[in-house]
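# Fold and contact review
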Amino acid sequence: MKKETVPVRNSLLLLLTATIWGIAFVAQSVSMDYIGGFTFNSIRSLIGSLTLLPVILLLSKPKSAEEKNRPQTSSNQKILITGGICCGIILCLASNFQQFGIKYTTVGKAGFITACYIIIVPVIGIFLRKKCSPFIWIAVILSLCGLYLLCLTPGEGFAIGKGELLVLVCAFLFSIHILVIDHFSPLVDGVKMSCIQFFVSGILSLPFMFVLETPRLVAVAAAWMPLLYAGVLSCGVAYTLQILGQKNVNPAVASLILSLESCFSVLAGWIILGERLSFRESLGCILMFLAIILAQLPDKK
């Protein structure tokens, strides 16, 4: 029996996810000039959930008489709700830890530490009996080198402070999020689970938004563009593509592809904001792209 290779379609979906997330760094940064972190995460998550409702209604229409008569078992619904709630809780925690961690550290350090889930995921996977080929481990090391060149400037200290600790917690939470999706995505409808996770994430941030922050309608209106991008594209589209793309994909490989968001954030700054890429940053991007290609190679014993 031939060993299954990573489907090209799924890899492309994850690559598109990383692209949207990379550009979202711009929206995330701009929004903080108008509203607080809990306000931003709550509103964008609820927007993401609302965005998926018409998609779910459209996809739920039975296309044949056989589909109309097919019963929906309670066990499937239970797995769907359980998966959505678990993903929503983890996503809420990870997003808020990242949002507030960026306030106390540099964007470069935050990007590097967050993307360290590429090494955390396969390490946790060992304890869950998820095997990785030697190519993936080499790709992980190559990606870490690329992230270091991409995110950290020469001579910049790397002291562990409050911001670094918050973002490190975020990296662990995103690693768990990837593994939880790996467990539930083959069992349920990806779009429905994504809708549930955003609703849960948005509701959980609401109390903190009103208790710890003072959201004003004028400020929210001023941040409409980054909120719409983060809500519709980064949440509604990208996280749904992540769930669909991770089906039958090794979570270590998925984390490698998703870590390309760091590359795309730099490229977005170059294309959209006119920021120039240094030789060091260009080399970091090249190393990361090479790592992704290496991770796609089949493990032939």
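Details of the structure are given in the entry above.
Residues numbered from 1 in each chain as written. Predicted model: local features only at pLDDT ≥ 70, side-chain atom pairs only at ≥ 80, totals over all residues. Heavy atoms only, no water.

This brings us to the overall build of the protein. A tally of regular secondary structure across the protein gives 14 helices and zero strands. When its helices and strands are written in sequence order, the protein yields α-α-α-α-α-α-α-α-α-α-α-α-α-α. Scored against the burial criterion, the 301 residues of the protein give a buried share of 48%. Of the contacts made within the protein by residues no fewer than 6 positions apart, 93% connect residues no fewer than 24 positions apart. (Helix = DSSP H or I, 4+ residues; strand = E, 2+ residues; numbered from the N terminus. Buried < 20%, exposed > 50% of the residue type's maximum accessible area, 1.4 Å probe, protein only. Contact = heavy atoms within 4.5 Å.)

The next thing to look at is helix α2 (residues 37-59). Helix length check: α2, at 23 residues, gives a terminal C-alpha distance of 33 Å against a target of 33 Å (1.5 Å per residue), a fit within 8%. Bending of α2 peaks at approximately 25° at the position of L53, with proline P54 no more than four residues after it. Every buried residue belonging to α2 is among G37, F38, T39, F40, N41, S42, R44, S45, G48, S49, L52 and I56, and all of these are buried. (Expected span 1.5 Å × (residues − 1). Bend = angle between axes of the 7 residues up to and from the residue.)

Here we come to the nonpolar core. Counting residues in hydrophobic clusters, the biggest one holds 54 residues, and the most contacted among them are Y117, F174, M193 and Y239. The leading source of residues in this core is helix α8 (residues 162-184), at eight residues. Apart from residues lying up to four places away in sequence, Y117 is in contact with P122, A171, F174, S175, I178, S255, L258, S259 and E261. (Core = buried A, V, L, I, M, F, W, Y, C linked by side-chain atoms within 4.5 Å.)

Here helix α9 (residues 190-212) contains 23 residues, and its C-alpha end-to-end distance of 33 Å stays within 8% of the 33 Å for a straight helix at 1.5 Å per residue. Along α9, the largest kink reaches about 25° and is centred on S205; proline P207 follows within four residues of it. Residues G190, V191, M193, S194, C195, Q197, F198, V200, S201, G202, S205 and M209 constitute the buried set of α9. The opening residue of α9 is D189, an N-cap whose side-chain oxygen sits 3.0 Å from the backbone nitrogen of V191. (Polar contact = N/O pair within 3.5 Å; in protein donor to acceptor, adjacent residues only side chain to side chain.)

A separate point is the packing of aromatic side chains. Think of a pair of aromatic rings as described by two things: how far the centres are apart, and how the planes are tilted against each other in angle. Considering all chains together, one arrives at four aromatic pairs under this definition. Ring geometry for F38 and F100: centres 4.8 Å apart, planes at 45°, overall tilted. Pair noted here: F38 is in helix α2 and F100 is in helix α4 (residues 74-101), with a separation of 62 residues, a long-range link. In this structure, F38 and F100 share a single accessibility class: buried. Taken together, the aromatic side chains of W21, F198 and Y239 make up a single cluster linked through ring pairs. (Phe/Tyr/Trp six-rings, centres within 6.5 Å; stacked < 30°, edge-to-face > 60°.)

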